[in-house]
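These are the residues of each chain, in order.
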Protein chains: 2
Amino acid sequence: MLEDPSIQQRLLQATEHLVYAGGINATGMDAIVKASGVARKSIYRLYPTKEALVAAALRERDERWMQWFVAGTSAGSPSERLLAVFPLLRSWFSAPDFHGCAFINAAGEIGDPDSEIRAVALLHKQRLLAYLSELTTACGFAEAEEMARQFLLLIDGATAVAMVTGQADAADSAGRTAQLLLQSLSPSNGLNPPANLRCRHVVKY
Amino acid sequence: MLEDPSIQQRLLQATEHLVYAGGINATGMDAIVKASGVARKSIYRLYPTKEALVAAALRERDERWMQWFVAGTSAGSPSERLLAVFPLLRSWFSAPDFHGCAFINAAGEIGDPDSEIRAVALLHKQRLLAYLSELTTACGFAEAEEMARQFLLLIDGATAVAMVTGQADAADSAGRTAQLLLQSLSPSNGLNPPANLRCRHVVKY
DNA sequence: CCTTGCTGAGAACGATCATTCTCTATGGCC
DNA sequence: GGCCATAGAGAATGATCGTTCTCAGCAAGG
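Worth saying up front: this structure is predicted, and the values here are computed from it rather than measured.

1. As for the overall build of chain A
- The helix and strand tally for chain A stands at 9 helices and 0 strands.
- Classification of the 205 residues of chain A by burial places 52% in the buried group.
- Counted over contacts in chain A with a minimum sequence separation of 6, partners at least 24 positions apart contribute 70%.
- When the accessible area of chain A is evaluated, it comes to approximately 9300 Å², of which 55% is carbon and sulfur surface.

Written out as structure tokens, the structure is:
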């Protein structure tokens, strides 16, 4: 009874790619139709407006990006997983089609604060923060929430700086700052509870 | 012999405001004409294309933003000035018309890497990094350049997170991370050269 | 068979886009 | 007073925007 998934998938993937590469407003429906091979009529049967289509494409990207991020930070102890974030980011920044965080770009382009697209961007950051919080909590830190927020700052800061300057080594500076965070707030320094409850569970994304 | 500055100033200020609030592509020339009160013919005599106009408006914003940033971080010792960054950011994030970093937003919206607008965004980040480097160098840190890059990450990360989530306290988390950076790399901990050459000079912006 | 609904291809719509043009002051300079 | 560049206001241009509509093909179900 569901719609043919291949059509929807082609449509969302082409939309995501075009919007990420060229921006939302600069991406016309003509380009989406041509790149996806999906007819206009079919697009507007699936999504009432371009905004809804772009929001759905960004939700799709959120899903895939989180899967990629979790898969790249799944090996080792919790602290090793936290530090694995930054080499992972570096490889992303070095990709030829890297153009920053799609959600920050989208939120920055959309003026209307009530737009559905802004809501998707917010949701993505909340999901990323929740995953980081899982990791810092698994490390046994007392202030795991605060630490997750600091990691989020480092990730988004490195992503933004890498986009504007084109220098992938922004991930390295962020990684060094993260290492400092882990060292200074390490559970083994006596200022925080011992790490007797590490690696409790892993969230699925 | 120069052009009447009031016209150019009205034009650039209206362009900057509209582009920052609503994005580049969503801002039409009609809106710029109406908001600035400058005639179309005069606009195209001053700037050959909309892209050049927006680039000039962003250059103007760069100038004013850096002046605001330097003025807000001019009191106290170098390390106090570095830490004053984050309450300053917090007040910015709390402003009703805050919409993130105009340069990150612009670079994220523009796909063409050779665009003049992208160059202005890059220049802004280079100028901000240079100023941060002045401050960290004045603190007497051995790796002042690296530290300035880390501060830039924190600033841009907090700005991006505050835009997407609307939470101004992203600046507080960034400030705590910065304090950690200053403490762990403090010149007084013996791992770095003593701070016998602090506060050498101040750059004008 | 006939109907029904989905698909692709593309025409058509009114609106808006960036850019150029016309027209009418206006204000300094000789 | 005459002159000329600049100013604002807005019409015109061709292109492109998001959205809707038409039409032919095709597959499934009665």
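2. Structural notes on the protein's contact with DNA strand D
- Near DNA strand D, the surroundings consist of 16 residues, among which A:Met29, A:Lys41, A:Tyr44, A:Lys50 and B:Arg45 are the closest.
- Protein-adjacent atoms of DNA strand D, using a 4 Å cutoff, are sugar or phosphate at a proportion of 61%.
- In this structure, B:Gly37 approaches DNA strand D through a main-chain N or O atom, which is 3.3 Å from a phosphate oxygen.
- Here B:Ser42 contributes a side-chain N or O atom positioned 3.4 Å from a phosphate oxygen of DNA strand D.
- For the surface near DNA strand D, the secondary structure elements donating two or more residues are helix H3 (40-46) of chain A together with helix H1 (5-22) and helix H3 (40-46) of chain B.

3. Section: the protein's contact with DNA strand C
- Close contacts around DNA strand C come from 16 residues, with A:Arg45, B:Met29, B:Lys41, B:Tyr44 and B:Lys50 the closest.
- Taken together, the sugar and phosphate atoms account for 58% of what DNA strand C places within 4 Å of the protein.
- Residue B:Tyr44 places a side-chain N or O atom 2.9 Å away from a phosphate oxygen belonging to DNA strand C.
- A distance of 2.4 Å is found between a phosphate oxygen of DNA strand C and a side-chain nitrogen or oxygen belonging to B:Lys50.
- Contributions of two or more residues to the surface near DNA strand C are made by helix H1 (5-22) and H3 of chain A together with H3 of chain B.

4. With respect to the confidence of the model for chain A
- Scored by pLDDT, chain A comes out at a mean of 90, with 87% of its residues at no less than 70.
- Confidence drops under a pLDDT of 50 for residues 188-204 of chain A, and excluding neighbours within four residues, the segment shows 23 contacts in the predicted structure.

5. Some points on the side chain of A:Thr177
- Mapped onto the fold, A:Thr177 is located in helix H9 (residues 170-184).
- Judged by its relative accessible area of 1%, A:Thr177 is buried.
- Beyond its immediate sequence surroundings of up to four residues, A:Thr177 is in contact with A:Leu154, B:Gln150, B:Thr177 and B:Leu181.

6. Notes on the interface of chain B and chain A
- Facing 39 residues of chain B, the contacting portion of chain A comprises 39 residues.
- Each partner contributes to the roughly 3200 Å² buried at the junction of chain B and chain A, and carbon and sulfur atoms together form 68% of this total.
- The largest per-residue losses of area from chain B upon contact with chain A belong to B:Leu153, B:Val164 and B:Leu180, which jointly make up 19% of the total buried on that side.
- Where chain B meets chain A, there are 2 salt bridges.
- For A:Glu146, the salt bridge identified is with B:Arg176, shortest N-O distance 2.7 Å.
- Run the count over chain B and chain A and you get 14 residue pairs in polar contact (both at pLDDT 80 or more).
- Secondary structure elements with two or more residues in the side of chain B that touches chain A: H1, helix H6 (102-109), helix H7 (116-138), helix H8 (144-165) and helix H9 (170-184) of chain B.

7. Some details on the packing of aromatic side chains
- Counted under the stated rule, the structure contains 20 aromatic pairs over all chains.
- Each ring, one from A:Trp92 and one from A:Phe93, has its centre 5.8 Å from the other, and the planes form 40°; the classification is tilted.
- Take A:Phe93: its relative accessible area is 6%, and that puts it in the buried class.
- Taking 5.9 Å as the distance between ring centres and 80° as the angle between the ring planes, the aromatic pair formed by B:Phe69 and B:Tyr131 counts as edge-to-face. Taken together, the residues span a long stretch of sequence, with B:Phe69 in helix H4 (residues 50-72) and B:Tyr131 in helix H7 at a distance of 62 residues. As far as burial versus exposure is concerned, B:Phe69 and B:Tyr131 are alike and both buried.
- Following the ring pairs from residue to residue traces out a cluster consisting of A:Trp65, A:Trp68, A:Phe69, A:Trp92, A:Phe93, A:Phe98 and A:Tyr131.
- Taking NZ or CZ as reference, A:Arg61 lies 4.1 Å from the ring centre of A:Tyr20, over its face.

8. Some remarks on the side chain of A:His124
- For A:His124, the position within the fold is in helix H7 (residues 116-138).
- Apart from residues no more than four positions distant in its own chain, A:His124 is found in contact with A:Asp62, A:Trp65, A:Met66 and A:Phe103.

9. Digging into the pattern of salt bridges
- Within this structure, the stated rule accounts for 20 salt bridges over all chains.
- Among the ionic contacts, a cluster of salt bridges with common partners joins A:Glu16, A:Arg61 and A:Arg64.

10. Digging into the relation of the copies chain B and chain A
- Note on the copies: chain B fits chain A at an RMSD of 0.0 Å, the axial shift is 0.0 Å, and the rotation between them is 180°. Accordingly, the operation relating the two chain copies is best matched by a two-fold axis. Taking the C-alpha atom as reference, chain B places B:Gly157 closest to the rotation axis, 1.7 Å from it.
- Comparing contact sets, 100% of the residues at the interface of chain B also lie at the interface in chain A, consistent with an isologous, same-surface contact.

11. Digging into the packing of H9(A) against H8(B)
- For the pair H9(A) and H8(B), the least separation of the axes is 9 Å and the interaxial angle reads 90°. The orientation of H9(A) with respect to H8(B), classified from their angle, is roughly perpendicular. Across the interface between the two elements, A:Ala170, A:Ser173, A:Ala174, A:Arg176 and A:Thr177 from H9(A) touch B:Glu146, B:Arg149, B:Gln150 and B:Leu153 from H8(B).
- For the contact of H9(A) with H8(B), the per-class residue count stands at 3 nonpolar, 3 polar and 3 charged.

Calculation rules
- Residues numbered from 1 in each chain as written.
- Chains lettered and ligands numbered in written order.
- Predicted model: local features only at pLDDT ≥ 70, side-chain atom pairs only at ≥ 80, totals over all residues.
- Heavy atoms only, no water.
- Helix = DSSP H or I, 4+ residues; strand = E, 2+ residues; numbered from the N terminus.
- Buried < 20%, exposed > 50% of the residue type's maximum accessible area, 1.4 Å probe, protein only.
- Contact = heavy atoms within 4.5 Å.
- Areas by Shrake-Rupley, 256 points an atom, 1.4 Å probe, with all protein chains shown as cover.
- Near = heavy atom within 4 Å.
- Polar contact = N/O pair within 3.5 Å; in protein donor to acceptor, adjacent residues only side chain to side chain.
- pLDDT = per-residue confidence, 0-100.
- Buried area = accessible area lost by both parts, 1.4 Å probe.
- Salt bridge = Lys/Arg side-chain N within 4 Å of Asp/Glu carboxyl O.
- Phe/Tyr/Trp six-rings, centres within 6.5 Å; stacked < 30°, edge-to-face > 60°.
- Lys NZ or Arg CZ within 6 Å of the ring centre and 35° of its normal.
- Least-squares fit on C-alpha atoms with pLDDT ≥ 70 in both.
- Axes fitted to C-alpha atoms, helices over the stretch in contact; angles between N-to-C directions.
- Parallel < 35°, antiparallel > 145°, perpendicular 65-115°, else oblique.
- Nonpolar A, V, L, I, M, F, W, Y, C, P; charged D, E, K, R; others polar.

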